[in-house]
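Notes for the structure review
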Amino acid sequence: MGKTVRKLQVESPVPADIDVANSVEPFHISEIAQELNLSPHNYDLYGKYKAKVFLSVIDELQGSEDGYYVVVGGITPTPLGEGKSTTTVGLCQALGAFLDKKVVTCLRQPSQGPTFGIKGGAAGGGYSQVIPMDEFNLHMTGDIHAITAANNLLAAAIDARIFHESTQSDKALFNRLCPPNKEGKRSFSNIMFSRLKKLGISKTDPEELTPEEAKKFARLDIDPESITWRRVMDVNDRFLRKITIGQGPEEKGMVRETGFDISVASEIMAVLALTTSLSDMRERLGKMVIGNSKAGNPITADDLGVGGALTVLMKDAINPTLMQTLEGTPVLVHAGPFANIAHGNSSIVADKIALKLVGPGGFVVTEAGFGADIGTEKFMNIKCRYSSLTPQCAVIVATIRALKMHGGGPEVVAGKPLDRAYVTENVALVEAGCINLARHISNTKAYGVNVVVAVNKFSTDSEAELSAVRNAALAAGAFDAVICSHHAHGGKGAVDLGIAVQKACENVTHPLRFLYPLDISIKEKIEAIAKSYGASGVEYSEQAEKQIEMYSKQGFSHLPICMAKTQYSFSHNASEKGAPSGFVLPIRDVRASIGAGFIYPLVGTMSTMPGLPTRPSFYGIDLDTTTGRVIGLS
């Protein structure tokens, strides 16, 4: 990469993540920017170690060729996670610091929920991390806070509109929406023209509207029962999952049951991740559907007049944040959509900027959430559709631990010591579990990309177990399978993976193939995805049938599908390990993120507001008041 590469002094055993992160002094972010040929006018500094990169870079480099595009997914994980982020970072450190390639890592921004909850942060681990670790995991440049503010402004607008419509006549409502100026002349604000157009009213002067047209324009007539928009906050708070609002005497008894989601589950986060430009984001935010009118028509943010204000709150959040790895290779951190009800991938704009910056022969490595059945599937069928970008290689991260679980090993529970089966050699158990890896390989290969398996090595893994995984991966059709020790050794431990990924990118023989076309029905798309899980069919609840019929009638059946399913099994049942088949996939409900641009069927119950465990991670987090350093982050 150049002069910003840092040589690591590794220790054994590997110290705590925060201690490793604090053991090196990061380069000033302007040095990282300079290595990427970013001029100072291309970014804004956020302190010494972070910078916001402007989307104008894409326009400036429009004529230049893209680099190679690599997505990192995983096998079906244990609740402990199998090191996808760590592998993504380690691979990039190998490519940049050891193989002298231009490389950019593209990662999601972590939520404070898991950081203070049970999972910990998402900066990678050991000697394969993004630094400064504390800044990465806490606030960063405030994007999630911007999403929280925008989401809750829309929530407030919904309830305020219902309140005002319930207490005013048609005439009074119209007069207040279009008040006369000092000269006594009325006018529509710019945002109102989208509603007028939607209603088929071409008049531009409020005075010319008939009483019937004025009523149609002013009265949204929102059906409170249909409202899907909830308030959000970036904290795990189970007691806010279900609440009632409107308890005050001023609200005249307008009590409504609603609840809070965690901020990363907001549709605005999904919009940020899938947008391709500022104008595209403005359009998507305005198109977000919050519920229906009593006549069954979708009500949007622009109907409420708030789409422009949402965009203003999001204008800085649209720019990705530049950071660095422990070895000084560049990272773009941007967006962090919930990987169940949304698509769980970092942003399109970060990937587009990165591909231009690395140029031909360079590499952009981006991570997809959860196992490949969810994260990689959504990366291909949703993210790549909207970005028009084509990956050349997909990495699937596997661990001996997870494969043993899929082979019939005891339950793995976060916070409890691992069973002896996971720390002693058992080749037969590993081989039995490789059925899960094999299905992920065949599913991913079907997109036309080469698949490289990265076996994230733990100290308790035996050579025979690692060899068994490599053999099973190659037999299942992987381009290559590589043992990695990046957690313990940094980029040096992922050099073989870097070489394998480079070869895979250089040897692509197929164009990108989607799992389904967009012009088939909602049900046909759901069934195509269910089949990739191993299902023999799909069963729809009465509610799901009703929603599919409504979305089809409203003209939304052309959208891709974003399946909301457990990450712990190919099936809907988290306890079904390995590669189950022949099951019937139950669709409990179907919802839509129209602004983001997908329909999301709910397979079972999905919690969008996690709770705190008995002993949350915050017990160990504190500040060294002498040095000002954060301690205890994991």
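Here's what I pulled together on the structure shown here. The numbering scheme is per chain: residues are counted from 1 as the chain's sequence reads. The predicted origin of the model limits local features to residues at a pLDDT of at least 70 and limits the giving and counting of side-chain atom pairs to 80 or more, whereas totals for whole chains, interfaces and linings rest on all residues. Side-chain measures here rest on the full set of heavy atoms in the structure, leaving out hydrogens and waters.

1. Structural notes on the overall build of the protein
Selection rule: Secondary structure elements follow DSSP: runs of H or I no shorter than four residues count as helices, runs of E no shorter than two count as strands, and numbering proceeds from the N terminus. The reference for a compact globule is 2.2 Å times residues^0.38; the radius of gyration itself is calculated from the C-alpha atoms. A contact between two residues is defined here by any heavy atoms of the two lying within 4.5 Å. For accessible areas, the Shrake-Rupley method is used with a probe of radius 1.4 Å. Any residue's cover is judged against the shown protein chains and nothing else. Charged-residue counts in this description rest on Lys and Arg as positive and Asp and Glu as negative, His and the chain ends being excluded. Charge coordinates come from a single atom per side chain, which is NZ of Lys, CZ of Arg, CG of Asp or CD of Glu.
Looking only at helices and strands, the protein has 22 helices and 24 strands in total. Its C-alpha atoms give the protein a radius of gyration of 25 Å, within 12% of the compact-globule value 26 Å for 634 residues. A principal-axis box enclosing the C-alpha atoms of the protein has dimensions of 80 × 55 × 50 Å. If you take every contact in the protein between residues at least 6 apart in sequence, the share linking residues at least 24 apart comes to 75%. Put simply, the protein shows about 25100 Å² of open surface, and 52% of that area lies on carbon and sulfur atoms. Positive and negative side-chain charges of the protein, numbering 63 and 66 respectively, have mean locations separated by a distance of 2 Å.

2. Looking at the pairing of strand S21 (residues 589-593)
Threshold: Classification of residues uses two cut-offs on accessible area relative to the type maximum, computed with a 1.4 Å probe and protein chains only: under 20% is buried, over 50% is exposed, and between them is partly exposed. Pairing between strands is defined by DSSP: at least two bridges between the two strands are required.
Along S21, four of the five residues are buried, which leaves the element largely enclosed by surrounding structure. Looking at chain direction, S21 and strand S22 (residues 598-602) are connected through five bridges and run antiparallel. Residue pairing across strands places aspartate 589 opposite leucine 602, the latter belonging to S22. Taking the residues between adjacent antiparallel strands as the criterion, S21 and S22 are bridged by four residues, where glycine 597 takes a positive phi near 105 degrees.

3. Looking at empty space enclosed by the protein
Convention followed: Site definitions follow a grid-based scheme: protein atoms alone, a 1 Å grid, a 1.4 Å probe that fits but cannot get out for cavities, and for pockets an open set with protein on both sides within 12 Å along at least five of seven lines, plus lining residues having an atom within 4 Å of a point. Grid points are joined across faces, edges and corners, and a volume is the space filled by probe spheres set on the points. Gly is put with the polar residues, along with every residue not named as nonpolar or charged; the nonpolar set is Ala, Val, Leu, Ile, Met, Phe, Trp, Tyr, Cys and Pro, and the charged set is Asp, Glu, Lys and Arg.
If you walk through the whole model with that rule in mind, you get one cavity of 30 Å³ or more. By volume, the largest cavity is sized at about 40 Å³. If you trace the largest cavity, you find it lined by Gln109, Pro110, Gln112, His139, Ile144, His145 and Asp234. Split into classes, the residues belonging to the lining of the largest cavity amount to two nonpolar, four polar and one charged.

4. Notes on the side chain of asparagine 292
Locating asparagine 292 in the fold gives a position in strand S11 (residues 289-292). You can call asparagine 292 buried: its relative accessible area is 11%. Apart from residues no more than four positions distant in its own chain, asparagine 292 is found in contact with Asp221, Ile222, Asp223, Ser226, Asn297, Pro298, Ile299, Met550 and Gln554.

5. As for a nonpolar patch on the surface
Inclusion rule: What makes a patch is a set of residues exposed beyond 30% relative accessible area and free of salt bridges, joined within 9 Å when like-charged and within 5 Å when nonpolar (Val, Leu, Ile, Met, Phe, Trp, Tyr). Each salt bridge in this description consists of a side-chain nitrogen of Lys or Arg and a carboxyl oxygen of Asp or Glu lying within 4 Å of one another.
On the surface, Leu80, Leu418 and Val423 cluster together into a nonpolar patch covering about 210 Å² of accessible area. With respect to the helices and strands, valine 423 occurs in the loop between helix H16 (400-406) and helix H17 (427-445).

6. Some words on the packing of aromatic side chains
Defined as follows: Stacked, tilted and edge-to-face pairs are distinguished by plane angle, under 30 degrees for stacked and over 60 for edge-to-face with tilted covering the rest, among Phe, Tyr and Trp rings (Trp via its six-membered ring) whose centres lie within 6.5 Å.
Within this structure, the stated rule accounts for seven aromatic pairs. For the pair phenylalanine 188 and phenylalanine 217, a centre-to-centre distance of 5.3 Å together with 65 degrees between the ring planes defines the contact as edge-to-face. Taken together, the residues span a long stretch of sequence, with phenylalanine 188 in the loop between helix H8 (170-177) and helix H9 (192-198) and phenylalanine 217 in helix H10 (residues 211-218) at a distance of 29 residues. Accessibility assignment for this pair places phenylalanine 188 and phenylalanine 217 in one class, buried. On the basis of an interplanar angle of 15 degrees and a centroid distance of 5.6 Å, the ring pair of phenylalanine 618 and tyrosine 619 is categorised as stacked. Relative accessible area serves as the criterion here: at 39%, phenylalanine 618 is assigned to the partly exposed category. Tyrosine 619 gets classed as exposed once you look at its relative accessible area, which sits at 55%. An aromatic cluster is defined as three or more aromatic residues linked by ring pairs; in this entry it consists of Phe174, Phe188, Phe193 and Phe217.

7. Considerations on helix H4 (residues 84-98)
Inclusion rule: Helix span, expected: 1.5 Å multiplied by one less than the number of residues in the helix.
Counted at 1.5 Å a residue, the expected span for H4 with its 15 residues is 21 Å, and the 20 Å between its end C-alpha atoms agrees. Just past H4, the residue aspartate 100 takes up positive phi, approximately 55 degrees.

8. What about the nonpolar core?
Applicable threshold: Nonpolar cores were defined as sets of buried Ala, Val, Leu, Ile, Met, Phe, Trp, Tyr and Cys residues, with membership established by side-chain atoms within 4.5 Å.
Core analysis: the largest hydrophobic core is formed by 87 residues, its most contacted members being Leu154, Met314 and Leu322. Aside from chain neighbours lying at most four places away, what touches methionine 314 is Ala146, Ile147, Ala150, Ile268, Leu272, Met281 and Leu285. Formed by 26 residues, the second largest nonpolar core is a distinct cluster that contains Val538, Ala544, Leu559 and Phe583.

9. Concerning unusual backbone geometry
The peptide bond linking serine 12 to proline 13 adopts the cis configuration, its omega dihedral lying at 0 degrees. Its place among the elements puts proline 13 in the segment before helix H1 (17-22). The amide bond that connects isoleucine 131 to the next residue, proline 132, takes the cis arrangement and shows omega of -5 degrees. If you check the backbone angles, asparagine 37 has positive phi at about 60 degrees while not being a glycine. Within the element layout of this structure, asparagine 37 appears in the loop between helix H2 (29-35) and strand S1 (43-45). We classify asparagine 37 as exposed; its relative accessible area is 61%.

10. A short note on the pattern of salt bridges
Close approach of charged atoms allows side chains with opposite charge to pair. Considering all chains together, one arrives at 27 salt bridges under this definition. Across the pair lysine 287 and glutamate 283 runs a salt bridge, and its minimum N-O distance is 3.9 Å. Taken as a pair, lysine 287 and glutamate 283 lie in helix H12 (residues 278-287) at a separation of four residues, close to a single helical turn. Overall, lysine 287 belongs to the partly exposed group, its relative accessible area being 39%. Through salt bridges that share partners, Asp159, Arg231 and Arg256 make up one connected network.

11. A short note on the environment of histidine 489
Tracing the sequence through the fold places histidine 489 in helix H19 (residues 486-489). The partly exposed category is assigned to histidine 489, whose relative accessible area is 40%. Between the alpha carbons of histidine 489 and serine 128 there is a distance of 8.0 Å; along the sequence they are 361 residues apart. Apart from the residues lying within four places of it in its own chain, the contact partners of histidine 489 are Val10 and Tyr127.

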